[in-house]
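# Topology and contacts: notes
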Amino acid sequence: MRFYTTSGCHLCDQALALLDPVARRRGLRIECIDIMDDPAAEAAYAAAIPVVACDAREGVLRWPFDTASLYRYLP
């Protein structure tokens, strides 16, 4: 699973705090991608971070999300 973020983003910090325990319970590894290091990610998500993407699902999960929506989205 990929977590699109950038440094200094307080919303990203909040989102990761929700995501981490759910990912652990599901046995998923979080790949944190700083959009400033990835031009394609920056173009796609600059105005939308934090974003969660999972290959097993169609589309992405955009902020704001909560624990329940993470459980519904993640495999």
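Heads up: the structure comes first, above all this text.
Attention in this report is confined to the structure presented alongside it. Numbers given to residues run from 1 along each chain, matching the order in which its sequence is written. In keeping with the predicted nature of the model, local features appear solely for residues at pLDDT of at least 70, side-chain atom pairs appear and are counted solely at 80 or more, and the whole-chain, interface and lining totals rest on all residues. Side-chain measures here rest on the full set of heavy atoms in the structure, leaving out hydrogens and waters.

## Observations concerning the overall build of the chain
Threshold: Put simply, DSSP marks the helices as runs of H or I at least four residues long and the strands as runs of E at least two long, and each gets a number from the N terminus on. A radius of gyration in this sense is built from C-alpha atoms; the matching globule rule multiplies 2.2 Å by the number of residues raised to 0.38. Each residue's exposure class comes from its accessible area (1.4 Å probe, protein chains only) as a fraction of the maximum for that residue type: buried when under 20%, exposed when over 50%, partly exposed otherwise. Contacts are residue-level and defined by heavy atoms, with any inter-residue pair within 4.5 Å sufficient. Methods summary: accessible areas were calculated by the Shrake-Rupley approach with a probe of 1.4 Å, and residue burial reflects only the protein chains presented. His residues and chain termini do not enter the charge count, which takes Lys and Arg as positive and Asp and Glu as negative. The atom standing in for a charge is NZ when the residue is Lys, CZ when it is Arg, CG when it is Asp and CD when it is Glu.
Scanning the chain from terminus to terminus reveals 3 helices and 4 strands. In sequence order, the chain lays out its α and β elements as β-α-β-α-β-β-α. The C-alpha radius of gyration of the chain comes to 11 Å, within 12% of the 11 Å expected for a compact globule of 75 residues. Expressed along its principal axes, the backbone C-alpha trace of the chain runs to roughly 30 × 25 × 20 Å. Out of the 75 residues in the chain, the part that is buried amounts to 40%. For the chain, the share of sequence-separated contacts (at least 6 apart) that also reach a separation of at least 24 residues comes to 56%. For the chain, the computed accessible surface area is about 4400 Å², with 51% contributed by carbon and sulfur atoms. Counting 8 positive and 10 negative side-chain charges, the chain places the centres of these two groups 11 Å from one another.

## Regarding the side chain of Thr-6
Spelled out, the test is: Think of a polar contact as two N or O atoms within 3.5 Å of one another; within protein, one of them needs to be a possible hydrogen donor and the other a possible acceptor, and neighboring residues in sequence only count if both atoms come from side chains.
Structurally, the position occupied by Thr-6 is in the loop between strand 1 (2-5) and helix 1 (10-26). Only 3.0 Å separates the side chain of Thr-6 from the side chain of Asp-34, close enough to count as a polar contact. Discounting residues that sit within four places of it in the chain, Thr-6 has contacts with Cys-12, Asp-34, Ile-35, Met-36 and Ile-49.

## Quick notes on the environment of Tyr-73
Inspection of the secondary structure assignment puts Tyr-73 in helix 3 (residues 67-73). Judged by its relative accessible area of 9%, Tyr-73 falls in the buried class. In sequence terms Tyr-73 and Ala-23 are 50 residues apart; their C-alpha atoms lie 11 Å from each other. Once residues lying within four places of it in the same chain are set aside, the contact partners of Tyr-73 are Val-52, Ala-53, Cys-54, Arg-57, Glu-58, Gly-59, Val-60 and Leu-61. Side-chain polar atoms of Tyr-73 contact the backbone nitrogen of Cys-54, separated by 3.0 Å.

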